[in-house]
Amino acid sequence: MAWQQRIPHILAVIIVATMVWSFIDPKDMRVWWAEMTPILAIFIGVVATYRNFQFSNTSYVLMSVLLIMHTIGAHYTFARVPFEWITELFDFERNHYDRIAHFSVGFYAYAAAELLVRKNWARPFTAMLFGLFFIMAIAAAYEIIEWQFAVIEGGDAGIEFLGSQGDEWDAQKDMLADTLGALAALVLFWFSKYRRQP
């Protein structure tokens, strides 16, 4: 097996190791489960479908960024991830680790477009539009879930899961970060071999 073929397996080992570390004494176990439930679902889904459909290594690398970043965020809660050096370097008023994690959500637009093109379900440009709108829909849905968790759970767990850090426009900025991540991933897709498929 060539080393390129091992990349998905190496990434899977890194992700599982990060998940195990994250589960050990997290800041808040309720928040950990709330944050990790969608991440575990994505990971299990990608692993379960690996035999039937293998994405490109580019897709696997891009998808892994969110899985790893979100797993780290679940351990500390996103507002408390040790990211002070970035906050201080750019003189930010808040911890922007969650914004970068949201940006990485958008990377799934590449995998969505790749799937549609390789399955011949859509032409490349249409697949790219679907990838963009798919991410925007997921971003909006997740913000609604965050809001409802915060309302239902309340207390510190609700605040930590919401992660707004006092920013009244947090939900909108998170959705923008998701969308910008999708656009960045689709620029990469535009220069891939899949965009040139008939």
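As a reminder, the structure under discussion sits directly above these lines.
Residues numbered from 1 in each chain as written. Predicted model: local features only at pLDDT ≥ 70, side-chain atom pairs only at ≥ 80, totals over all residues. Heavy atoms only, no water.

> Explain the pattern of salt bridges here, please?
Oppositely charged side chains are able to pair whenever their charged atoms sit close together. A full pass over the atoms with the stated rule returns 4 salt bridges. A salt bridge links Asp-174 to Arg-99; the shortest N-O distance between them is 2.5 Å. Taken together, the residues Asp-174 in helix 9 (residues 170-190) and Arg-99 in helix 5 (residues 97-105) connect sequence positions 75 residues apart. The burial state of Asp-174 is the same as that of Arg-99; both residues are buried. (Salt bridge = Lys/Arg side-chain N within 4 Å of Asp/Glu carboxyl O. Helix = DSSP H or I, 4+ residues; strand = E, 2+ residues; numbered from the N terminus. Buried < 20%, exposed > 50% of the residue type's maximum accessible area, 1.4 Å probe, protein only.)

> What should I look at first to understand the layout of surface pockets in this one?
Computed from the structure, the second largest pocket encloses a volume of approximately 240 Å³. Along its surface, the second largest pocket is lined by 15 residues, and Pro-8, Ala-12, Val-46, Val-47 and Tyr-60 are the ones closest to its centre. For the lining of the second largest pocket, the secondary-structure elements that each account for two or more residues are helix 1 (3-23), helix 2 (29-48) and helix 3 (57-76). Tallied by class, residues from the lining of the second largest pocket come to 12 nonpolar, 2 polar and 1 charged. (1 Å grid on protein atoms, 1.4 Å probe; cavity = no way out; pocket = protein on both sides within 12 Å on 5 of 7 lines; lining within 4 Å. Points joined across faces, edges and corners; volume = space filled by probe spheres on them. Nonpolar A, V, L, I, M, F, W, Y, C, P; charged D, E, K, R; others polar.)

> What's the story with the packing of helix 6 (residues 108-118) against helix 9 in this structure? I'm lost.
For any two helices packed against each other, one specifies the crossing angle of their axes together with the interaxial distance. In the contact formed by helix 6 and helix 9, the axes pass within 8 Å of each other and the chain directions differ by 45°. Accordingly, the angle class assigned to the pair helix 6 and helix 9 is oblique. In contact with Ala-109, Tyr-110, Ala-113, Glu-114 and Val-117 of helix 6, helix 9 contributes Ala-182, Ala-185, Leu-186, Leu-188 and Phe-189. (Axes fitted to C-alpha atoms, helices over the stretch in contact; angles between N-to-C directions. Parallel < 35°, antiparallel > 145°, perpendicular 65-115°, else oblique. Contact = heavy atoms within 4.5 Å.)

> How should I be thinking about helix 3 in this particular structure?
In an α-helix there are 3.6 residues to a turn, and that puts residues three or four apart on one side. Its 20 residues give helix 3 an end-to-end C-alpha distance of 29 Å, which sits within 8% of 28 Å, the value for a rise of 1.5 Å per residue. Looking one or two residues past helix 3, Thr-77 carries a phi angle of roughly 75°, positive in sign. (Expected span 1.5 Å × (residues − 1).)

By themselves these figures say nothing about function.
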